[in-house]
Amino acid sequence: HITAVPVSGGAPRVLTASVDRWIHSFEFSANGRWIYFSFDNAGSTQLSRVRVSDGRVERIIDEEVAISSFDVGPGSTLAVNLQRRNSTTDVHLLEGKRLTQLTDLNAEYFAAIALGDQRKVSFPSKDGTIVESFITTPPDYDPGRTYPTILNIHGGPVGQFSWGFELRAQYFAANVYVVVEPNPRGSTGFGEDYIRAIYRTWGITDYEDVIASADYAIEQGIADPERMAVTGYSYGGYMTNVVITNTDRFKAAASGAGHSLIEANFGHDIYQQWYMWELGAPWENREKYDVLSPFLRAGNIKTPTIFLGGRIDWNVPIINAELMYQAMQVQGVDTELVVYPNAHHGGWPAEYERDYLERVIGWFDRYVKD
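Since the model is a prediction, treat every value here as computed from it, not as a measurement.

Considering a nonpolar patch on the surface
Here comes step 1: Residues Ile270, Ile312 and Trp314 make up a contiguous nonpolar surface patch of about 310 Å² in total accessible area.
Here comes step 2: Relative to the elements of secondary structure, Ile270 occurs in the loop between β16 (252-256) and α6 (272-278).

Below you can see the structure in the form of structure tokens.
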């Protein structure tokens, strides 16, 4: 939320109490009367403004777009960086509520390649909760046939898949896969209750949602149930570990920087305060730590899985991948471990990013397509 506090001191005023959404960035208008802000909303990132004097909120951009940044100019004129369906970020001029695109930086590149098509769908989860998902289909998609499919789970977990050009989804689609990208509970864009639905239930509540997204793609005749893979990075890697320890329906998996034994990270990664706030100390809440740790169910794994991560990742330490890799080695299930030297949780050099994608698609091709 956006909160105003007098510089002289006093009680804070929450200006956006009526906006049940995750707010990203904000900026005052030139006259100081309004605060413009961007926020996640159902797979979009939109723009509103709130009046400082009384908290009145006005929608400025409520289209299905993804706004990455904006800058407030004189009057009601703004410069906005945004993506639309299947497009990369370009600068737009916003005058009142009229958007004019000013740049088209990747026009030449997009003219030379074929893109997959991105669309948004919704469906009920196991308990009836409505969940949304993006589905990207390959170029030259034929609706009369089913396709090998990749269930791609986002990180965070407080985050979302959104409209716009998503490199990983387009790369998978270019290799003739359907890509299913759900926004399960824990995602932004659907209100605080939706986010808090996974409080102390990581990999339990949201597991049903990601599985429901795969089931939806099968029911719609898009995904081939016998040719499915699952992947994700960070919390998405954790969810990949959860999936392969709960079901063997996926023919291959790629887990990027995902937690596996939660207590192994207590005091090791950068989230000590978070662990204490949500889970407490391991010696006081051992049962909770165990329930949330897919490594303790690694004996269930039948899915060939590649594990990838950075050697100096202090967000999700590589020990998580090492534990899962070793568990699969002991059981004789096909697995690989890829550790990138001098790499943290993100900000990798381009050659690492490319290697990551090529290894993942190579692993999936081997077990899903062959």
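Still more ground to cover, so stick around.
Observations regarding helix α9 (residues 350-369)
Here comes step 1: Helix length check: α9 (20 residues) gives 27 Å between terminal C-alpha atoms against 28 Å at 1.5 Å per residue, within 8%.
Here comes step 2: Taken together, the buried residues of α9 touch β13 (147-153), α2 (167-174), β15 (223-233), β16, β17 (305-310) and β18 (335-340).

Some details on the pairing of β15
Each regular strand displays side chains that alternate between the two surfaces of the sheet.
Here comes step 1: Counting buried positions over the 11 residues of β15 gives eight, a clear majority of the element.
Here comes step 2: In the sheet, β15 pairs with β16 via five bridges, with the strands oriented parallel. Residue Ala229 lies in a different strand from β16, and its bridge partner there is Ala252.
Here comes step 3: Traced from β15 through helix α5 (residues 235-244) to β16, the parallel crossover comes out right-handed.

A closer look at the packing of aromatic side chains
Here comes step 1: Under the defined criterion, the tally for this structure stands at 23 aromatic pairs.
Here comes step 2: For the ring pair Phe266 and Tyr275, a centre distance of 6.4 Å and an interplane angle of 65 degrees mean the geometry is edge-to-face.
Here comes step 3: Classification of Tyr275 by relative accessible area gives buried; the value is 5%.
Here comes step 4: Pairing Phe266 with Trp283 gives two aromatic rings, centres 5.9 Å apart and planes at 85 degrees, and the pair type is edge-to-face.

Let's talk about α5
Here comes step 1: Where burial is concerned, most of α5 is hidden: 10 out of the 10 residues are buried.
Here comes step 2: Burial in α5 covers these residues: Tyr235, Gly236, Gly237, Tyr238, Met239, Thr240, Asn241, Val242, Val243 and Ile244.
Here comes step 3: Here the buried face of α5 lies against β13, α4 (205-219), β15, β16, β17 and α8 (319-331).

Describing the pattern of salt bridges
Here comes step 1: Per the counting criterion, the structure on display carries 19 salt bridges.
Here comes step 2: Residue Arg227 is joined to Asp224 by a salt bridge in which the shortest nitrogen-to-oxygen separation is 2.8 Å.
Here comes step 3: Here Arg227 falls in the partly exposed class, since its relative accessible area comes to 24%.
Here comes step 4: Note that Glu336 and Arg366 form a salt bridge whose closest N and O atoms lie 3.8 Å from each other. Pair noted here: Glu336 is in strand β18 and Arg366 is in helix α9, with a separation of 30 residues, a long-range link.
Here comes step 5: One network of salt bridges, in which partners are shared, links Arg49, Arg56 and Glu58.

Cut-off values and rules
- Residues numbered from 1 in each chain as written.
- Predicted model: local features only at pLDDT ≥ 70, side-chain atom pairs only at ≥ 80, totals over all residues.
- Heavy atoms only, no water.
- Patch = residues over 30% accessible without salt bridge, like charges linked within 9 Å, V, L, I, M, F, W, Y side chains within 5 Å.
- Areas by Shrake-Rupley, 256 points an atom, 1.4 Å probe, with all protein chains shown as cover.
- Salt bridge = Lys/Arg side-chain N within 4 Å of Asp/Glu carboxyl O.
- Helix = DSSP H or I, 4+ residues; strand = E, 2+ residues; numbered from the N terminus.
- Expected span 1.5 Å × (residues − 1).
- Contact = heavy atoms within 4.5 Å.
- Buried < 20%, exposed > 50% of the residue type's maximum accessible area, 1.4 Å probe, protein only.
- Pairing = 2+ DSSP bridges.
- Right-handed = clockwise from strand over helix to strand, strands pointing away.
- Phe/Tyr/Trp six-rings, centres within 6.5 Å; stacked < 30°, edge-to-face > 60°.

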